[in-house]
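Here is how the chains run, residue by residue.
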Amino acid sequence: MRAQDRARRAGTRPRSNHTLETALATLRDLAVLLVDHRGKNDWALVDVHDVEAFLATLPRARKRRLTVLRQFFRFARSQHIVLADPTRTLTAKEPNGFRGRTLTLDQQRELFRRRTTDTHVHPHEALVGMLALLHGASSSEVRMLQVTDVDPVAHTVRLGKRPHPVLLDPASWTVLQRCLAHREAWPTANPHVMVTKGTKAGRSPASTAQLSHVLDDCGYPPRMIRSNRLVDLVNTMGPKLVAAAFGMDPQATLIISPTTSPGSGTGLPHDSKSTRPPR
């Protein structure tokens, strides 16, 4: 508040009340964690491990919260409340690497059986889920897939910017044929494999919003299922080969390379075999 007054007198931009309230809320949350979970009732007992544990509760807010803590502990040290600043050696930069969630083998088997044996599953869910699980296809690749991209003789499809056709296994091919049969039931001239009530009268692909919810019934988002396949391929083949095969930017696969992904604290298995699709 004194800094606010100085800024007003100097004609510079003062901190807003919201900024001050946010800083106080950060210190309050740290104090609650120290008392309730770390057993510490004095600021002088705080060490770097306590601060790291606090920052880990909201990883996306690490930079903002660390800035507040640095300001506080500098003040506390100047007032002899603490002897050492526990934030001195910490950095605001988040570690690179894959921090997403992956599926266990049991979850993969469950999804595989759901799409190959359950006739009540919608063909669109089965197609998006199967191509993501076994072939690492993104929702955008499946959404833009057209009938002319399907080779019925070679059992291949062209997905997105991939330089080569993707050879489908028998299970994936069966799911694709089911989706095409569902499309044939519509009197449509839409060239895309996935045709909905909203797109059957035109030629545009299904909406991005619809693709983001097509797997709601199975309980796992498309990105999570696709990441599972990409993690396995990157750990077994290398990020450069995967980027070339998928037509991706090499930087997109480097973040899940073997040197950065295992042990990132996000549930990613250390053993790459645990992310492989079911046979």
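What comes next concerns the included structure. (Residues numbered from 1 in each chain as written. Predicted model: local features only at pLDDT ≥ 70, side-chain atom pairs only at ≥ 80, totals over all residues. Heavy atoms only, no water.)

## Structural notes on the packing of aromatic side chains
Counting across every chain of the model gives three aromatic pairs. Here the aromatic rings of Trp 43 and Phe 73 are separated by 6.1 Å at their centres, their planes lie at 80°, and the arrangement is edge-to-face. Of this pair, Trp 43 sits in the loop between helix 2 (17–36) and helix 3 (48–55) while Phe 73 is found in helix 4 (residues 62–78), placing the two residues 30 residues apart along the sequence. For Trp 43, a relative accessible area of 25% translates into the label partly exposed. Pairing Phe 72 with Phe 73 gives two aromatic rings, centres 5.1 Å apart and planes at 70°, and the pair type is edge-to-face. On the basis of relative accessible area, Phe 73 is assigned to the buried category, the value being 0%. Cluster of aromatic residues (ring-pair linked, three or more members): Trp 43, Phe 72 and Phe 73. (Phe/Tyr/Trp six-rings, centres within 6.5 Å; stacked < 30°, edge-to-face > 60°. Helix = DSSP H or I, 4+ residues; strand = E, 2+ residues; numbered from the N terminus. Buried < 20%, exposed > 50% of the residue type's maximum accessible area, 1.4 Å probe, protein only.)

## Observations regarding the pattern of salt bridges
Under the defined criterion, the tally for this structure stands at twelve salt bridges. Among the ionic pairs, Asp 5 bridges to Arg 8, the shortest N-O distance being 3.2 Å. Within this pair, Asp 5 and its partner Arg 8 are both found in helix 1 (residues 2–10), separated by three residues, close to a single helical turn. Here Arg 183 ties to Glu 184 by a salt bridge, and the two come within 3.5 Å at their closest N and O atoms. In the salt-bridge network here, residues are joined through shared partners; they are Arg 38, Lys 40, Asp 47 and Asp 50. (Salt bridge = Lys/Arg side-chain N within 4 Å of Asp/Glu carboxyl O.)

## Observations concerning unusual backbone geometry
Positive phi, close to 60°, is recorded for His 80, a residue that is not glycine. Look at His 80 and you get exposed, because its relative accessible area is 71%. Phi at His 155 is positive, roughly 60°, even though this residue is not glycine. Following the sequence through the fold, His 155 ends up in the loop between strand 1 (150–151) and strand 2 (156–157). For His 155, a relative accessible area of 32% puts it in the partly exposed group.

## Some remarks on the packing of helix 10 (residues 222–237) against helix 11 (residues 239–246)
Two quantities define a packed helix pair, namely the angle between the helix axes and the distance between the axes. Two elements in contact, helix 10 and helix 11, have axes whose closest approach is 7 Å; the angle formed by their N-to-C orientations is 130°. It follows that helix 10 is oblique to helix 11 by the angle criterion. Along the contact surface, helix 10 presents Arg 226, Leu 230, Leu 233, Val 234 and Met 237, while helix 11 presents Pro 239, Leu 241, Val 242 and Phe 246. (Axes fitted to C-alpha atoms, helices over the stretch in contact; angles between N-to-C directions. Parallel < 35°, antiparallel > 145°, perpendicular 65-115°, else oblique. Contact = heavy atoms within 4.5 Å.)

## A closer look at the sheet that holds strand 3 (residues 166–167)
Sheet architecture is open: three strands sit in the order 1-2-3, paired in antiparallel fashion. Each having just a single partner strand, strand 1 and strand 3 make up the two edges of the open sheet. Note: strand 2 against strand 3, two bridges, orientation antiparallel. Residue pairing for strand 3: Thr 156 is matched across the bridge by Leu 167. (Pairing = 2+ DSSP bridges.)

## Digging into the nonpolar core
Ranked by internal contacts, the top residues of the largest apolar core, which has 34 residues, are Leu 127, Val 157, Leu 176, Val 193 and Ile 225. For this core, the secondary-structure elements that each account for two or more residues are helix 6 (123–135), helix 8 (170–184) and helix 10. A per-element tally of this core places helix 6 first, with eight residues. Residue contacts for Ile 225: discarding those within four places in its chain leaves Leu 103, Leu 111, Arg 115, Gly 129, Ala 132, Leu 133, Leu 215 and Tyr 220. Residues Leu 30, Val 68, Phe 73 and Val 82 belong to the second largest nonpolar core, which totals 16 residues. (Core = buried A, V, L, I, M, F, W, Y, C linked by side-chain atoms within 4.5 Å.)

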